[in-house]
Number of protein chains: 2
Amino acid sequence: MLFKLFFKRSFSVGVSNYQRTRIMSSSNLQPKFDKIFNKIDELKPSFIDRLAKAIEIPAVSGDESLRPMVVKKSEYLVQELESLGFTDIQVKKLGTQPPPVENPNLQLPPVILSRYGNDPAKKTVLVYGHYDVQPAALSDGWASEPFKLVVDEEKQLMRGRGSTDDTGPLLGWLNVVQAHKEAGIDFPVNLITCFEGMEESGSLGLEKLIAEEASNYFKTTDAVCISDNYWLGTKKPVLTYGLRGCNYYQIIIQGPAADLHSGVFGGVIAEPMVDLIKVMGTLVDSNGKILIEGVDEMVAPLTEKESQLYEKIDFSVDDLNAASGSNTSLYQKKEDILMHRWRYPSLSLHGVEGAFYGPGAKTVIPAKVSGKFSIRTVPDIDSEKLTKLVVDHCNNAFKALNSPNKCYAELIHDGNYWVSNPYNASFTAAAKATKDVYGVDPDFTREGGSIPITLTFEEELKTSVLLLPMGRGDDGAHSINEKLDISNFMGGMKTMAAYLHYYAESPEN
Amino acid sequence: MLFKLFFKRSFSVGVSNYQRTRIMSSSNLQPKFDKIFNKIDELKPSFIDRLAKAIEIPAVSGDESLRPMVVKKSEYLVQELESLGFTDIQVKKLGTQPPPVENPNLQLPPVILSRYGNDPAKKTVLVYGHYDVQPAALSDGWASEPFKLVVDEEKQLMRGRGSTDDTGPLLGWLNVVQAHKEAGIDFPVNLITCFEGMEESGSLGLEKLIAEEASNYFKTTDAVCISDNYWLGTKKPVLTYGLRGCNYYQIIIQGPAADLHSGVFGGVIAEPMVDLIKVMGTLVDSNGKILIEGVDEMVAPLTEKESQLYEKIDFSVDDLNAASGSNTSLYQKKEDILMHRWRYPSLSLHGVEGAFYGPGAKTVIPAKVSGKFSIRTVPDIDSEKLTKLVVDHCNNAFKALNSPNKCYAELIHDGNYWVSNPYNASFTAAAKATKDVYGVDPDFTREGGSIPITLTFEEELKTSVLLLPMGRGDDGAHSINEKLDISNFMGGMKTMAAYLHYYAESPEN
């Protein structure tokens, strides 16, 4: 019913103000864009239909019992790629999933490689997306079945798990190919797809595959484009040129051989939990300042040029407060918030393993506790140096306690930060495309989180990576009622198309 | 097989050195004791058989599915009480178990009241015990099936869940009655039994029943004797005259409306976990010193008389280290350890609710965290005053952080300390009995833990309570391979018998 209503009005709504008033940049591409954009508008019903069919498959990678659904979704994608004329489709098996797993023979979902065009005269763009999704259930509080795409005619959005993260953007690339074909416009680049089904569960196996295919399937890649992030807010398009890294640590304090009764041993035993709380308390202060000596000194100084980027960005403390649902911001100025989210390190205390964690009251002295914390890293923090500083700091803080317990601090895992050049050919092409579609220059943003595969692509393929978001900051990617605004879906596909053309024409790679 | 071997040797073993060399205190009770003690020795096989039949019933009060077994064990007890001539047996139903329960209609196990003798000329002693047990499974590491009593002939002990906690001691009272009957000795007091089936799960319903029966079933009670604790060590009998209380608190810190991604919000949001760790870090130091202002000042000063009690006690830091399986004692001197366990307060940090607690790494900023801690209380700490000090301290410590989060500190529950007069009629009788049976004066000990029902009996019945342990400190009451040494079983019953006689003869109540 909602679908029917929607289709009737499909040509008069779902177009942003930016689009209506857009001024095309001077370019010989104008006539091509008109044809392609019109075709994208025309194909909207079939694009929504393609997305709806994909959303119906509950491809939750984190739920072992749904693994067959993840595989089924990969088969749906292969079928769509075939029907659109993609070639050299390879369904790459990644082997069994490493522990911890319930089923020791559980197979990882495949990575789907395919090509559209293979002309040595053209540049080659590798596009990455993932077809797996986060868990979702109606009982979590969804307004409708999460695995049924619902078009909300009034709000002009599509609701369903995967709509924005990342099935919508992934299918965007297929839709762009279809629009070119049906509009009779030559595709400007050779396209390579790298679609994985394990992104929401750590991208297991992907790094190895990229390394293996760097000099094989991916050999001719000139640029990588990842469409798996979001606008900073809800109104202004962005291009993302940086991500923080993440070093995850634990401090283990070991005392007695087993958990003890606090009545019998309280006051006569050195309690590991007391030592742990003391050491954890020396890491960061309540204003977010990292107290580990030497960390701040590793942070790259702020340049005038970088500083100017923050000033232009459409953001305010109100956006942060809305996102956190509270007034707990450490900063009031936009620039301070953005810089502390993107270009300065942060330290978060995540929890304690081994101690009582349930509701109610339990009077046990835990024998061995492990405090978990992570540091978001930025240029020019060296991971190894940071780990040495962290471990030394923890050991010193523990020594100062003069406790008979034992303390051990260690890195659990690290993933490097990533910063690209927002003025390179790929970003310049994407900026022009964004301006054409939305009528404004995009904000150049970073993200505070990590997408480790970004760095893997850059390092293994020795090429630039562009993060080109389709959705908005309020899409609720990992939350209930995940949605993608129809204007973002349409505008996103047009931006993808224009980006490929601009990039194809750029003199450099 | 073990039983058979055991019975053959039953009259030559199982008697402690103390017993062999004992010197009876001058008393007209000597001839009676000879007869009773000999009868107890003679009846050993049937006493062990009575215990074995009881142990076979897995009366785990903490396991809802085993509730019928708890009831079955109560029925076994009633049958034994009837056969021994106990009268006025009342099976007191306590109603449905309050939440959290899986089965909302789950009935609490009954309390069994009964009398042996009702002579107004005699004193009345109420004996408390519990017939429920802790969970146990062979797979936990038991050397034999936990719900089958195994007599280890070599080590002269009986292994099985409930052997020492508390089925062995509880049946001890029945056995003492049987020994008197068969020896033809008049029972020296009126005995009232109060046997509950919920002790291992918070004694739900018992407090109310005691209050109700204080002026009814329990009206004539002169003294209460609880046999549900242990010797301090493994060699020397003790009488217990004090328990610490326990005030349990939580500090809740509330920040954002929901858990947040540490990449996106780390460094820009005031993290509740950071504030919590800071506040928890101000409560106690690594040497066990409570840092909350005003708490130490409430502790009763140490008198010369009390001080002397510690000097005599058979204990060393090695015993503490053996019990904790580590060298993490805060004190080396025996007196310091005992006093900090028994007569000084202690503060233990138990854990954090709401934060990540699993193995591995999770990068979430918890929105609301609750830190749990408890203070073991001692004379003369007033619970209400203590709570005010704790809450004020937490609020002040949080204010000093200047955090935009919200902090709330509160008492979850409290249970008062208990200290009796170790020189009263009941303790004096028990000390004489111990000397008669074991040949040494008992150590007068306290315990660091809490048995809240002790205080309830004292307050509701306005009478003295004696803690008369049967087992040893290494019995593993809540652990695997729970055992009761046969010499403790036999010696314990003889002590119970002698205690009743001495108490009956004492001029005061």
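Everything numeric here is computed off the predicted structure, so don't read it as measured data.

The rules behind these values
- Residues numbered from 1 in each chain as written.
- Chains lettered and ligands numbered in written order.
- Predicted model: local features only at pLDDT ≥ 70, side-chain atom pairs only at ≥ 80, totals over all residues.
- Heavy atoms only, no water.
- Axes fitted to C-alpha atoms, helices over the stretch in contact; angles between N-to-C directions.
- Helix = DSSP H or I, 4+ residues; strand = E, 2+ residues; numbered from the N terminus.
- Parallel < 35°, antiparallel > 145°, perpendicular 65-115°, else oblique.
- Left-handed = near helix turned anticlockwise from the far one by under 90°.
- Contact = heavy atoms within 4.5 Å.
- Nonpolar A, V, L, I, M, F, W, Y, C, P; charged D, E, K, R; others polar.
- Buried area = accessible area lost by both parts, 1.4 Å probe.
- Salt bridge = Lys/Arg side-chain N within 4 Å of Asp/Glu carboxyl O.
- Polar contact = N/O pair within 3.5 Å; in protein donor to acceptor, adjacent residues only side chain to side chain.
- Domains from an automatic or database assignment.
- Phe/Tyr/Trp six-rings, centres within 6.5 Å; stacked < 30°, edge-to-face > 60°.
- Buried < 20%, exposed > 50% of the residue type's maximum accessible area, 1.4 Å probe, protein only.
- Pairing = 2+ DSSP bridges.
- UniProt positions renumbered as here; feature names shortened; annotations may be inferred.

Draft legend 1. Geometry of the packing of helix H5 (residues 67-83) of chain B against helix H6 (residues 167-183) of chain B. All names here are of chain B. Between H5 and H6, the least distance of the axes is 11 Å, while the angle of their chain directions is 15°. When the axis of H5 is compared with that of H6, the two are roughly parallel. By crossing handedness, the relation of H5 to H6 is classed as left-handed. Touching Lys-73, Leu-77, Glu-80, Leu-81 and Ser-83 of H5 are Thr-167, Leu-170, Leu-171, Leu-174 and Lys-181, all from H6. Along the lines of polarity and charge, the residues of the contact of H5 with H6 split into five nonpolar, two polar and three charged.

Draft legend 2. Seen up close, the interface of chain A and chain B. Counting residues at the interface gives 76 residues for chain A, matched by 76 residues for chain B. Summed over both partners, the interface of chain A with chain B buries about 5600 Å², with 58% contributed by carbon and sulfur atoms. Of all residues in chain A, the largest losses of buried area upon contact with chain B belong to Val-268, Ser-286 and Tyr-357 of chain A, amounting jointly to 12% of the total for that side. At the surface where chain A touches chain B, the tally comes to zero salt bridges. Counting every contact that joins chain A to chain B gives 36 residue pairs in polar contact (both at pLDDT 80 or more). Of all the elements, strand S11 (residues 346-353) of chain A adds the most residues to the side of chain A that touches chain B, at eight residues.

Draft legend 3. Focus on the domain arrangement of chain A. All names here are of chain A. Domain boundaries in chain A define domain 1 (2-10 + 30-243 + 417-505) and domain 2 (245-300 + 343-415). Between the C-alpha centres of domain 1 and domain 2 the distance comes to 38 Å. Of the residues lining the interface, seven residues belong to domain 1; the matching set on domain 2 comes to 10 residues. Approximately 590 Å² of surface area, both sides summed, lies buried where domain 1 meets domain 2, with 52% of it carried by carbon and sulfur atoms. Three residues stand out in domain 1 for area buried against domain 2, namely Tyr-417, Arg-446 and Ser-450, and they jointly supply 77% of the buried area on that side. Here domain 1 is connected to domain 2 by zero salt bridges. Our count for the contact surface shared by domain 1 and domain 2 stands at one residue pair in polar contact (both at pLDDT 80 or more). Within the side of domain 1 that touches domain 2, the residues separate by chemical class into three nonpolar, three polar and one charged.

Draft legend 4. Focus on the packing of aromatic side chains. All names here are of chain A. Applying the stated criterion to the full structure yields 25 aromatic pairs over all chains. Between the aromatic rings of Tyr-423 and Phe-444, the centroid separation amounts to 6.5 Å while the plane-to-plane angle is 35°, which identifies the pairing as tilted. With Tyr-423 in the loop between strand S15 (418-419) and helix H14 (425-438) and Phe-444 in strand S16 (residues 443-447), the pair connects residues that are 21 residues apart, well separated along the chain. Relative accessible area serves as the criterion here: at 41%, Tyr-423 is assigned to the partly exposed category.

Draft legend 5. Geometry of the sheet that holds strand S5 (residues 157-159) of chain A. All names here are of chain A. Strand order in the open sheet made by the three strands is S4-S5-S18, with antiparallel pairing throughout. In this open sheet, the two edge strands, each paired with only one partner strand, are strand S4 (150-152) and strand S18 (483-485). Each strand of the sheet is rotated relative to its neighbour by a mean of 25°, with strand direction disregarded. One ladder, built from three bridges, connects S4 with S5; its direction is antiparallel. Bridged to Val-150 within S5 is Arg-159. Against the sheet, helix H16 (residues 486-505) makes contact with S4, S5 and S18, and its axis sits at roughly 65° relative to S18, the strand it touches most.

Draft legend 6. Unusual backbone geometry, seen in detail. In this structure, Asp-166 of chain A follows Asp-165 of chain A across a cis peptide bond, with omega equal to 5°. With respect to the helices, strands and loops of the structure, Asp-166 of chain A is situated in the loop between S5 and helix H6 (167-183). For Asp-88 of chain B, which is not glycine, the phi torsion reads 50° and is therefore positive. Looking at the secondary structure, you find Asp-88 of chain B in strand S1 (residues 87-92). Phi is positive for Gln-156 of chain B, which is not a glycine, with a value near 55°. Judged by relative accessible area, which is 14%, Gln-156 of chain B ranks as buried.

Draft legend 7. How the structure looks around the UniProt feature "domain: Peptidase M20 dimerisation" (unreviewed entry) in chain A. If you check UniProt for "domain: Peptidase M20 dimerisation" (unreviewed entry), the listed places come out as residues 242-399 of chain A in our numbering. Overall, residues 242-399 of chain A shows 35% helix and 22% strand. The separation of its end C-alpha atoms is 38 Å.

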